[in-house]
Amino acid sequence: MDLHLDGKVALVTGGNRGLGAACAAMLASEGARIFLTARDDEKLTETAQAISGSSGAEVGAMAVDLTKPDAADAVVEAAIKKFGRIDILVNSAGASKGGVFWEVPDQVWQDSFDLKFMATVRMMRAVIPGMRAQGYGRIVSIVGNTGKQPPSTMLPSASANAALLVVTKGLADEVVKDGIIVNAVNPGPTRTERMATILNNIQQSSGRPMDEVEKDFVSNIPMKRMGEPEEIARLVTFLASDMAANLTGISITADGGSTKALA
Ligand SMILES: NC(=O)c1ccc[n+]([C@@H]2O[C@H](COP(=O)([O-])OP(=O)(O)OC[C@H]3O[C@@H](n4cnc5c(N)ncnc54)[C@H](OP(=O)(O)O)[C@@H]3O)[C@@H](O)[C@H]2O)c1
């Protein structure tokens, strides 16, 4: 199947590792040109070189902290300076702490909304004028299944995810006339560094062997396993392509069957 991604320009936030890097690599393997952003410049360079080495794609990068109000505009300006346009935005920057509701301080709520929610909103706002002018755009946000099924100990990130699903639908309605489609992917637990840190913390505090910790962790997932980054990247690449031209304002959940709902 030809996804018609040859020569398209994809800007990927959270692009130096985890799900963002997997999405960037898959988009590049389908012929897209890539612009990555995250804070860690060294890791950005390493990932950019790896992607361009394996796919032959042209890859640019810029290190910024997306919680800073001007960062989204600066990244979009740099990507347009390098490639002349942006066809695809993949939002994957995010990191959030959890905890028991009455023990979670204001700052954790604030940090969750500053990064996951506000950075995504600002990135969308920054790319849309160019996409409107060219009459074409694909925006895919990696949100999370907690936005629909909130675990009581993950409410700051789950709330930011729920808010992003609202923006995904409302914004999709607004920009569809300009040839821009806006969708989201909701992963369940997926094997990235962030998940490795969570499992390591459980292992250290419980003193149990890692294979037992992981078995326990996935015991409530119908498929009894975590997702793999490539599984999320495949969905994102599909939603970023012309194969998804008739889908907008939706989210696709990929969580091994964890979400108990009909839609
Ligand atoms: N993995 C999962 O199980 C899972 C499940 C559901 C949803 N998600 C969502 O998927 C997204 C990606 O998750 P992941 O597992 O790939 O996480 P990850 O491995 O921790 O990667 C997070 C990415 O965000 C970047 N980032 C963090 N803070 C930033 C900031 N202030 N400014 C700019 N970039 C920043 C990181 O790079 P730097 O640190 O260098 O900035 C990194 O590239 C997140 O939004 C997460 O909530 C993940």
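Relevant structure appears above.
Given the structure is predicted, the values throughout are model-derived calculations rather than measurements.

Digging into the overall build of the chain
Consideration 1: Assigned secondary structure in the chain consists of eight helices and seven strands.
Consideration 2: Here the C-alpha radius of gyration of the chain, 18 Å, is about what a compact globule of 263 residues would show, namely 18 Å.
Consideration 3: Counting only C-alpha atoms and orienting by the principal axes, one finds that the chain spans roughly 55 × 40 × 40 Å.

Observations concerning the pairing of strand β1 (residues 9-13)
Consideration 1: With five of five residues buried, β1 lies mostly within the body of the structure.
Consideration 2: Residues Val9, Leu11 and Thr13 point to one face of β1 and Ala10 and Val12 to the other, with burial holding for every one of them.
Consideration 3: Where β1 meets strand β2 (residues 33-38), five bridges bridge the pair, whose relative direction is parallel. Residue pairing in the sheet places Thr13 in a bridge with Thr37 of β2.
Consideration 4: As for the winding sense of the linkage, the β-α-β connection from β1 through helix α1 (residues 18-29) to β2 is right-handed.
Consideration 5: Bridging between β1 and strand β4 (residues 88-91) involves three bridges; their strand directions are parallel. Note that in β4 the partner of Ala10 across the bridge is Ile88.

So, the site of the ligand
Consideration 1: Around the ligand, the surrounding shell holds 28 residues, and the nearest of these are Gly14, Gly18, Arg39, Asp40 and Gly94.
Consideration 2: The set of elements that each furnish at least two residues to the shell around the ligand consists of α1, α4 (106-134) and α6 (193-206).
Consideration 3: For the shell around the ligand, the per-class residue count stands at ten nonpolar, ten polar and eight charged.
Consideration 4: Residues from two domains meet in the shell around the ligand; each of domain 1 (9-190 + 228-254) and domain 2 (191-226) gives at least three.

Digging into the pairing of β4
Consideration 1: Burial along β4 is two-sided: Ile88 and Val90 and Leu89 and Asn91, pointing in opposite directions, are all buried.
Consideration 2: Summarising the sheet, β4 and strand β5 (residues 137-142) pair through four bridges and their orientation is parallel. Along β5, the bridge assignment pairs Leu89 with Ile139.
Consideration 3: Regarding topology, α4 serves as the crossover connection from β4 to the parallel β5, and that connection is right-handed.

Thresholds, definitions, all that
- Residues numbered from 1 in each chain as written.
- Predicted model: local features only at pLDDT ≥ 70, side-chain atom pairs only at ≥ 80, totals over all residues.
- Helix = DSSP H or I, 4+ residues; strand = E, 2+ residues; numbered from the N terminus.
- Rg over C-alpha atoms; globule rule 2.2 N^0.38 Å.
- Buried ≥ 20, exposed ≤ 12 C-beta atoms within 10 Å, placed from the backbone.
- Pairing = 2+ DSSP bridges.
- Right-handed = clockwise from strand over helix to strand, strands pointing away.
- Near = placed C-beta within 6 Å.
- Nonpolar A, V, L, I, M, F, W, Y, C, P; charged D, E, K, R; others polar.
- Domains from an automatic or database assignment.

That's the geometry; what it means functionally is another story.
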